[in-house]
Every structure is written in C-alpha cells, then in structure tokens.
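# Commentary on secondary and tertiary structure
Chain by chain, the residues:
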Amino acid sequence: MRDTYTFDSEAFLATLAALTSRFEQVVASSALSFDGIDDDANPIQHPERRDDGVAPARVLFDDGSSADGSSADDINVVDDGQSCDERGVVRERMRNSEGKVDARILELAAELFGGTCWASLIGVASLGFDDAIVDVARAFMLHTARCVRRNGLAVWLHGLIADASTAKLLGKPSPMMPMTIRPMSRIQMHRWVSSDAAHRYGTNKQRREDIDEYRKQAYRLTAYSLLRWGSPIDECNHIASLMLSDPKFGVSLLRQDPNLLLQGVAPDCRVSRALAYLRHLHVQADLYYARAVQRHWDLPQLDPANHTEATAAMDRRYLYDAHRLVISYRALWDRAVPKADAVLSEVMQTQEYPRMKLWENPVYLRDVARSLVGASLAADLVEGFEARDVQRFEAGVARLRTVTKMVDTMTLLLMPIALSDSHEPKWAQMNRGGYRSRTQAWRLYCDVGADLALIVLGRIDRGDDRYRAEAAAALMQLDVQAYCEMTIPLFQPQQADAERGKAGKKMGEAAAAVDGAAAESARRGISDGEDTAAGAVREIGEVAVSVDGEVAADADETLIAALMHVDECDEVDVVA
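For clarity, every value in this text was computed on a predicted model and none was experimentally measured.

This paragraph deals with the overall build of the protein. Within the protein one finds 24 helices and 2 strands. Scored against the burial criterion, the 576 residues of the protein give a buried share of 46%. For the protein, the share of sequence-separated contacts (at least 6 apart) that also reach a separation of at least 24 residues comes to 71%. Accessible surface, the protein as shown: approximately 28,600 Å² in total, 51% of it carbon and sulfur.

The structure is reproduced here in structure tokens:
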C-alpha cells in the first residue's frame, strides 16, 4: 500500500466557486420573492409573543426550562442587543421566506460537503430570511476557498478536526460550529448568529451533544472528501474507512500530506504498528476462513433464489463472520478479557503481538463488528460486552441479526438500500414533533449513512476501488438513489452471462440433434432425413421459446442456419 495520497484541490475549488456564484444569485433574487409567501408548513409552537411580535430573548427549551434554570412562569424580558424595529424586520422576513432550497445549491453543497451540517448551512442560508445567517455562510465559503487555495484541502480538513477536538477538550462550543448542527427554529438560528449570550447554544446537555456531533461530522467530512477528491483510490479508501471506524488512526494517516508536514504536523509513528497488527489479524482471519471453506466448518447455507454468483462469496463470508462473532462474545462473557484499546496500546508501545486465538482477540472482534454493521450501530454490541451490560449487548445482537437477515434475503449489495430505508425519518410525522425528536431522528439517519459507507468499504468485493469509493460517498450523502444506479448494473453482467450460458448449452444440444438427424438421413434416405430434420426444427423451436429476449432470437437464427446447411449436405451426399 502506498504511503502518500493527494487531493484534487483544483476540482474542489472549481465546484466551490460554482456554489458561491449560485448562492449569491439565489440570495440576491430571494429578497424579491417574499410577499405573500407562507411560513413553515409545520411551525413549532413558540412562547407567547408580546405586542411587537418578538419573543423574549430568554430561550425556552423542550423541557420548559430556560438556560439559567428558571421556568416559563418567571421569565422576564431580556434585551438581546437589538431594537424592536430590527427584530420586527427579521421576524417578518422569517415569516415570509419560502422555505424551498434551490436544487442546484443542494446538488453542489452535497457534492462538496456530503450530508454534513456545512451542506445544511449553505442550503438554509440560501433561503435569505436572515442577513446574519447569509453572512455566516458567505464567510464560511470564503474562508474555505482561501485556505484550500493557499495550503490545500488536507490542511483545511485538519483545521476543522483540530477545532472540533479543541471544543471537545474545553467543553465549549466553537464559534466555527454552524447552527445547523441540529434542527432548530428560525428564531433560534437568528439568536445563534446574532447574540453573544452564553445561552444561545442551548442547555448544557445540548451543548455536550452538539460538540460531540461537531467532531463526528468533521471526521465524516474528511472521510467523504477522501472518497470524493482523493487519490490514489485504494489508499484514500483505507484512510476514509479508518476515519469512520478509528478516527485517531485516520487523522494520523491524514497528516502524511506534504502541506501538513511543512506546517510541523507529523503523523504518530506508533499508529503504523497498530495498523500492521490489524493487517496481521486480517491475514490470519482470511487463512482461517479458507480452511473453514475447505473443510465445511459452520458455513452458512445460501438460498440460490436469493443469491447469485456475483454476491455469493461476500454474502457467505458476511454471514459466517456474523455468526462466529456472536458465538465468540458469548463464550468470552464470563472470562477476563482486556479491552481492545488496551491491547492496541500495548502493541503500539512494545511492538509485540499478544498471543491470543483469533476469535478470542478483542481487537479482531471489535474490528469485525464494525465492518458488519458500522461503528455507530456496533457500539451497543462492543461496548455492551466490554461493560458486561446484558441489556445493551442483547440490543446490539438484535440489531446485528436484523442486518444479517437482510443480507441473507437480499444480498450484501442490496442490504444498504433496505437498511437506509428502514431508518429514514418519517418526514411528515417528524415535522409535527418537537426539535429534540427531530434532532435524534436526523442524527441517527446520518449515523446509518456513515455506517453503510464503512460496510461498503470493508465488505463488498464486487467491482473495483472506484466503485467502492463512489458507492460509499453516495451513502454518506444519504443519496440512496445514486447508490442504486451504480450497484444494480453489477448484477446485469452476471445475468447476461447466465442467459448466454443456458442458450449456448441448448444450442449445443440442438446442434447435436441436428448432426444425428443428418447421419440418420444419410442412411435412411431423403424422406426419412426430412422427417428427422422436421423433428429437429420443432425441437429448435422449443429451445428458442425457452430463451428470453435477444438471446432467444440469436439462438433461433443460428440454429436454423445450421439446419439449412445440414440439409444441403444431406442432399449432396444422397445424390452422390
């Protein structure tokens, strides 16, 4: 595997320039289309308004408490630094904004930033209902263009990760964290960008959750950028999978970029030892599985009606690993097993590999669990085992069995479609709920998209590295339709080959029958030969009917031509 990678920063900047131009056009024209347009179709109920139509600056949260712990009954008006006229203008524009994002902006933002909060920021700001939000989005795109143009895409991505990690370390939201980190009302968005008060970020619980989500989305944006703009493809796929499963390892490999090295940011040399150990475990697992296949040890039985040759190998390996994983965890439940992180830390320090059986190694078990259902969906299974939490562990096992059943009934290639559909929020129902339920549903959906991308990168061996990169990127964009369009053709060559094989076999059988007819007619005379040939023609017709489409037509024409040739030879032989 190569040790370096590069980003196509020029292509990224060209797309960003197109997005910026379109954004300015839409924002400029949006101010001309506010009159007579309705507000949100399903608005959230806000606290009681005063005569000027503006809510008090004190923020009320879902549990009815305010930022300082007071209740709704003892709230007084707090000045947020804006006059009544300014707030009235903002609220009027919020009431009249259309709420439909330009399709071209959605396309370009998703291409650049995937399904992250930065793409949502551009889309929300393009509605033009608040100049402050427009300025925030404009400043973000300008800063991104400057940084990428000057230092490259890797430096900009590493800066986002560093900012998110600093916010996590300090326990304080970063000014760079966009307000679209979670769903909120337009009034809350306006306060987020216009007020300097501490309570603009919500309750302490909301702040902690937002900080964790901010760092998680920084990792996902980096993984998506590697899949979309990075090369060579195999190396970038590997780094992207680490960003989604073990971010600390992925960040270390990201620091191999020459521009980051020039700035004094160097990768952790110890990480290479841990990655070498993981490769060692993967090789050992492949040898173990090859022996199991040879000797038929606990191999799952696949239904030919649900699996084809295009997916049978990867489906069988997936089902085998899923079965062995649960058995191994249950067998180790009452034994003292070190945590996976502790084992890797020891390997990174001592460079010595522990003497453990493969299916008793916590590092390998965690790696298998993440490759089967993704890092987020595997958290209950892995962490439940480490904490010996029966309820959480069983919830993880149930989730794994649900995904395994999908693979067993519809193949690994089609499983992401069904799993994404099962977790997609019911948008009409969700919009009638509160913002807390919207936040939970939306974040879970984004987690599933990242998990499916990790499964594609680690488990699908059909197609090439480019296919895996594009399929994983589509899933991280939450674009299931694009995934379908690039995945379904993988089945078509297999189907065409199967049809051609069946047609060829039947053509061979028919040709043998024709040859027999020719030999028999030579011995018995023309009349008998004609009867035998007529029987062969009927048999060829039956063969042609059984073959579908163009293959049937080709087979019919070929066999009839062969029969005509044989009849001519019979006639010449008889005359002679």
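Now that the structure is up, let's keep going.
One way to put it is that helix α8 (residues 204-229) packs onto helix α19 (residues 435-459) with a least axis distance of 12 Å and a crossing angle of 30°. Between α8 and α19, the interaxial angle falls into the category roughly parallel. Crossing angle aside, the handedness with which α8 passes α19 is left-handed. Residues Lys 205, Gln 206, Glu 209, Asp 210, Glu 213, Lys 216, Arg 220 and Leu 227 of α8 lie in contact with α19, whose contacting residues are Arg 436, Arg 443, Cys 446, Asp 447, Ala 450 and Leu 457. Residue classes in the contact of α8 with α19 are distributed as 4 nonpolar, 1 polar and 9 charged.

So, about the environment of Pro 173. Mapped onto the elements, Pro 173 comes out in the loop between α6 (153-170) and α7 (186-194). Accessibility expressed as a relative area gives 16% for Pro 173, which makes it buried. Residues Pro 173 and Asp 210, spaced 37 residues apart in sequence, show a C-alpha to C-alpha distance of 7.7 Å. Contacts of Pro 173, omitting those with residues within four sequence positions, involve Tyr 201, Arg 207 and Ile 211.

Take the packing of helix α16 (residues 379-387) against helix α17 (residues 390-423) next. At a minimum axis distance of 7 Å, the contact between α16 and α17 shows a crossing angle of 150°. As far as their axial angle goes, α17 and α16 are roughly antiparallel. Where α16 crosses over α17, the two elements pack in a sense that is left-handed. Contacts from Ala 379, Asp 380, Leu 381, Glu 383, Gly 384 and Phe 385 of α16 reach α17 at Arg 392, Phe 393, Ala 395, Gly 396, Val 397, Arg 399 and Leu 400. Taken together, the residues of the contact of α16 with α17 sort by class into 7 nonpolar, 2 polar and 4 charged.

Calculation rules
Residues numbered from 1 in each chain as written. Predicted model: local features only at pLDDT ≥ 70, side-chain atom pairs only at ≥ 80, totals over all residues. Heavy atoms only, no water. Helix = DSSP H or I, 4+ residues; strand = E, 2+ residues; numbered from the N terminus. Buried < 20%, exposed > 50% of the residue type's maximum accessible area, 1.4 Å probe, protein only. Contact = heavy atoms within 4.5 Å. Areas by Shrake-Rupley, 256 points an atom, 1.4 Å probe, with all protein chains shown as cover. Axes fitted to C-alpha atoms, helices over the stretch in contact; angles between N-to-C directions. Parallel < 35°, antiparallel > 145°, perpendicular 65-115°, else oblique. Left-handed = near helix turned anticlockwise from the far one by under 90°. Nonpolar A, V, L, I, M, F, W, Y, C, P; charged D, E, K, R; others polar.

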